[in-house]
Amino acid sequence: MEVKGKIIQKFDLQSGTSKAGNPWKKQNYLLETLDSFPRKIYFDFFGDRADQFPLNVGDMITLSFDIECREYQGRYYTDIRGWKAEKIDENAAATAAAPVNDAPPAPAPAPAADVNFEQTQEDDLPF
């Protein structure tokens with residue numbers, strides 16, 4: 001899956017050692033989409049990708065990601081795991097976010113005609 005947006009927050013790098021003794025690290029970010037109703041997406045880069053894709057607040061990116069879910073003690077947790085981030089030009093992003101209107105202009109309304117709305121005896125309507 002892909003989404004375009006702007007990095008609005010970068011969180012502290014998390015690291016540790018797994019039960020198997022393997023080191024791990026995770027970098028979390030908050031991205032705001034370029035939609036007409038912007039949404040915030042909290043995502044991370046795990047392992048070597050944390051160093052491979054260094055991002056900063058204000059970067060405009062196209063994020064490629066997977067959605068993962070895991071169960072722990074009967075509760076489910078969902079992660080958005082980034083696997084690629086490509087920086088994009090801010091001018092191109094602004095153009096992409098602007099709505100495109102290729103429709104021709106609407107015709108001018110016809111002038112209103114004088115209409116008599118008074119009920120006459122010829123009407124068989126009850127009102």
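Being a predicted model, the structure only gives us computed values, none of them experimental.

Conventions and cut-offs
- Residues numbered from 1 in each chain as written.
- Predicted model: local features only at pLDDT ≥ 70, side-chain atom pairs only at ≥ 80, totals over all residues.
- Heavy atoms only, no water.
- Helix = DSSP H or I, 4+ residues; strand = E, 2+ residues; numbered from the N terminus.
- Buried < 20%, exposed > 50% of the residue type's maximum accessible area, 1.4 Å probe, protein only.
- Areas by Shrake-Rupley, 256 points an atom, 1.4 Å probe, with all protein chains shown as cover.
- Phe/Tyr/Trp six-rings, centres within 6.5 Å; stacked < 30°, edge-to-face > 60°.
- Contact = heavy atoms within 4.5 Å.
- Pairing = 2+ DSSP bridges.
- Core = buried A, V, L, I, M, F, W, Y, C linked by side-chain atoms within 4.5 Å.
- Salt bridge = Lys/Arg side-chain N within 4 Å of Asp/Glu carboxyl O.

Trainee: I keep staring at the overall build of the chain and nothing clicks. Help me out?
Mentor: When helices and strands are counted, the chain shows two helices and six strands. Of the regular secondary structure in the chain, the N- to C-terminal order runs β-β-β-β-α-β-β-α. For the chain, buried positions account for 24% of its 127 residues. Total accessible area on the chain stands at roughly 10,100 Å², and carbon and sulfur atoms take up 51% of it.

Trainee: Is there a simple way to think about the packing of aromatic side chains in this case?
Mentor: Aromatic ring pairs are defined here through the distance separating the ring centres and the angle between the ring planes. Using the criterion set out here, one finds six aromatic pairs in the structure. Judged by centre distance (5.3 Å) and plane angle (75°), the ring pair of Phe11 and Tyr42 falls under edge-to-face. A residue pair is termed long-range when its members are at least 10 positions apart, and Phe11 in the loop between strand S1 (2-10) and strand S2 (14-17) and Tyr42 in strand S4 (residues 40-46) qualify at 31 residues. Relative accessible area serves as the criterion here: at 45%, Tyr42 is assigned to the partly exposed category. Measuring from centroid to centroid gives 5.5 Å for Tyr29 and Phe43, while their planes differ by 25°, and the two rings are stacked. Highlighted residues: Tyr29 in strand S3 (residues 23-33) and Phe43 in strand S4, separated in sequence by 14 residues.

Trainee: Looking at this model, I keep getting lost on the environment of Thr62. Mind explaining?
Mentor: With respect to the helices and strands, the residue Thr62 is situated in strand S5 (residues 60-72). Judged by relative accessible area, Thr62 falls into the buried class, the value being 7%. Aside from chain neighbours lying at most four places away, what touches Thr62 is Glu2, Val3, Lys4, Lys84, Ala85, Glu86 and Ile88.

Trainee: It is not clear to me how the pairing of S1 should be interpreted in this structure. Could you clarify?
Mentor: Residues in a regular strand point their side chains to alternate faces of the sheet. With five bridges joining them, S1 and S5 adopt antiparallel strand pairing. In the strand pairing of S5, Glu2 is matched with Ser64. Inspection of the sheet shows S1 paired to S3 by five bridges, in the antiparallel sense. Across the sheet, the residue bridging to Lys6 is Glu32, located in S3.

Trainee: Help me out: how do you make sense of the nonpolar core in this one?
Mentor: Most often, soluble globular proteins keep nonpolar side chains buried together rather than apart. Ile7, Leu31, Phe43, Phe45, Leu55, Ile61 and Leu63 are the most contacted members of the largest nonpolar core, which has 13 residues in total. Elements supplying a minimum of two residues to this core: S1, S3, S4 and S5. In this structure, Leu31 is in contact with Val3, Gly5, Lys6, Ile7, Arg39, Lys40, Ile41, Phe43 and Ile61, ignoring residues within four places of it in sequence.

Trainee: What is the right way to look at the pattern of salt bridges in this model?
Mentor: Opposite charge on two side chains permits them to pair, given that their charged atoms come into close proximity. A full pass over the atoms with the stated rule returns eight salt bridges. Taking the shortest distance from any N to any O, the salt bridge between Asp44 and Arg81 comes out at 2.6 Å. With Asp44 in strand S4 and Arg81 in strand S6 (residues 75-87), the pair connects residues that are 37 residues apart, well separated along the chain. With respect to class, Asp44 is no different from Arg81; both count as buried. Put simply, Asp44, Glu68, Arg70, Asp79 and Arg81 are held in one network by salt bridges that share partners.

Trainee: Please clarify how the pairing of S2 should be interpreted in this entry.
Mentor: As paired elements, S2 and S3 share four bridges and run antiparallel to each other. Residue pairing across strands places Gly16 opposite Trp24, the latter belonging to S3.

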